[in-house]
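# Coordinate analysis (summary)
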Amino acid sequence: QVQLVESGGGLVQAGGSLRLSCAVSGRTFSIYSVGWFRQAPGKEREFVAAIRWSGGSTTYADSVKGRFTSSRDNANNTVYLQMNSLKPEDTAVYYCAARYWGRATYDFWGQGTQVTVSS
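Structure report, in brief.

Analysis parameters
- Residues numbered from 1 in each chain as written.
- Predicted model: local features only at pLDDT ≥ 70, side-chain atom pairs only at ≥ 80, totals over all residues.
- Heavy atoms only, no water.
- Phe/Tyr/Trp six-rings, centres within 6.5 Å; stacked < 30°, edge-to-face > 60°.
- Helix = DSSP H or I, 4+ residues; strand = E, 2+ residues; numbered from the N terminus.
- Buried < 20%, exposed > 50% of the residue type's maximum accessible area, 1.4 Å probe, protein only.
- Core = buried A, V, L, I, M, F, W, Y, C linked by side-chain atoms within 4.5 Å.
- Contact = heavy atoms within 4.5 Å.

### Considering the packing of aromatic side chains
Taken as a whole and judged by the stated rule, the model has six aromatic pairs. Centroid distance Phe 37 to Phe 47: 5.7 Å. Interplanar angle 75°. Geometry classified as edge-to-face. Pair noted here: Phe 37 is in strand E4 (residues 31–39) and Phe 47 is in strand E5 (residues 46–52), with a separation of 10 residues, a long-range link. Judged by its relative accessible area of 29%, Phe 47 falls in the partly exposed class. Geometrically, the ring pair formed by Tyr 95 and Trp 109 is edge-to-face, given 6.4 Å between the ring centres and 75° between the ring planes. One end of the pair, Tyr 95, is in strand E9 (residues 92–100); the other, Trp 109, is in strand E10 (residues 108–109), and 14 residues separate them in sequence. Overall, Trp 109 belongs to the partly exposed group, its relative accessible area being 32%.

### Describing the nonpolar core
Among the nonpolar cores identified, the biggest contains 31 residues, and Leu 4, Val 34, Trp 36, Leu 81, Met 83 and Tyr 94 are the most heavily contacted of them. The set of elements that each furnish at least two residues to this core consists of strand E1 (2–7), strand E3 (18–26), E4, E5, strand E8 (78–83), E9 and strand E11 (113–118). A total of five residues in this core trace back to one element, the largest contributor, which is E9. In this structure, Tyr 94 is in contact with Glu 6, Leu 20, Phe 37, Arg 38, Val 48, Phe 68, Leu 81, Met 83, Gly 112, Thr 113 and Val 115, ignoring residues within four places of it in sequence.

Following this line, the structure appears as structure tokens:
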């Protein structure tokens, strides 16, 4: 199995930036991608971004495209989500999750980190 731990959340003003980290451990050789998701109170969890574990290619939700960037530190098994030009609607608990090769779903999840963007 895979363990993921998010960090880096906090309170920022609109227009500011945060960088979230996702430390990945365990059976990392089976990982196809690491995704970022967020959930605001009263809303469903939504996809934010994903990065292929080995190749590094990324994909983003339209709502964050051009503002958020996901990257990976190969040496430290850490995935990052750089969030720029933050908006109040970005306020949510952010989760990272891992998807194995051959799986259609993200089966391993971190505990989440709160991001609050004030106006």
